[in-house]
Amino acid sequence: MTADQRPDQLEPLVSQTLAVADRHTAQLKQIFGAVNQLLEAGKVQSDDVQFVLREMDELRQEVRADLGNVQAELGKLTHKIGAIEQNQSIANTRIGDVENAVSLVGIQVINLDTKLDRILDLLSGKNE
């Protein structure tokens, strides 16, 4: 092969190599564009996730505050129920006392009734 023929053989090889390099450059530009789109989508997703996390944190704080209020109200109700139960116990004791007093009055009425019957019998002369 002569020196003049060598450039003729190298020229198609260099041309093919440059064509492959141009295709690779175009592919790299496409990949770069796709990576930029992915990065932008990731940024939007990150913003969305941060928004959701902030909202969840606010809701958690509201729930904690509401739970504290509910616990305070529950404590008050528990105290009131205890007072009601104590009053009910006192009322039951007083009702028992009244029932005992009524029983005693009933016994006294029966005794009085018996005495009145004896007096009437004596007055009428049956037991002479």
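Quantities reported herein were computed from a predicted structural model and do not represent experimental measurements.

1. With respect to the overall build of the protein chain
Logical step 1: Counting secondary structure elements, the protein chain contains one helix and zero strands.
Logical step 2: The C-alpha radius of gyration of the protein chain comes to 53 Å, more than 25% above the 14 Å expected for a compact globule of 128 residues.
Logical step 3: In terms of principal-axis extent, the alpha carbons of the protein chain reach across some 175 × 25 × 15 Å.
Logical step 4: Within the protein chain, the proportion of its 128 residues that are buried is 0%.
Logical step 5: With the model as given, the accessible surface of the protein chain reaches about 11,800 Å², and the carbon-plus-sulfur share is 60%.

2. Regarding a negative patch on the surface
Logical step 1: Judged by side-chain charge, Glu55, Glu58, Glu62 and Asp66 come together as a negatively charged surface patch.
Logical step 2: With respect to the secondary-structure elements, Glu62 resides in helix H1 (residues 5-124).

What counts and how
- Residues numbered from 1 in each chain as written.
- Predicted model: local features only at pLDDT ≥ 70, side-chain atom pairs only at ≥ 80, totals over all residues.
- Heavy atoms only, no water.
- Helix = DSSP H or I, 4+ residues; strand = E, 2+ residues; numbered from the N terminus.
- Rg over C-alpha atoms; globule rule 2.2 N^0.38 Å.
- Buried < 20%, exposed > 50% of the residue type's maximum accessible area, 1.4 Å probe, protein only.
- Areas by Shrake-Rupley, 256 points an atom, 1.4 Å probe, with all protein chains shown as cover.
- Patch = residues over 30% accessible without salt bridge, like charges linked within 9 Å, V, L, I, M, F, W, Y side chains within 5 Å.
- Salt bridge = Lys/Arg side-chain N within 4 Å of Asp/Glu carboxyl O.
- Lys, Arg positive; Asp, Glu negative; His and termini not counted.
- Charge placed at Lys NZ, Arg CZ, Asp CG, Glu CD.

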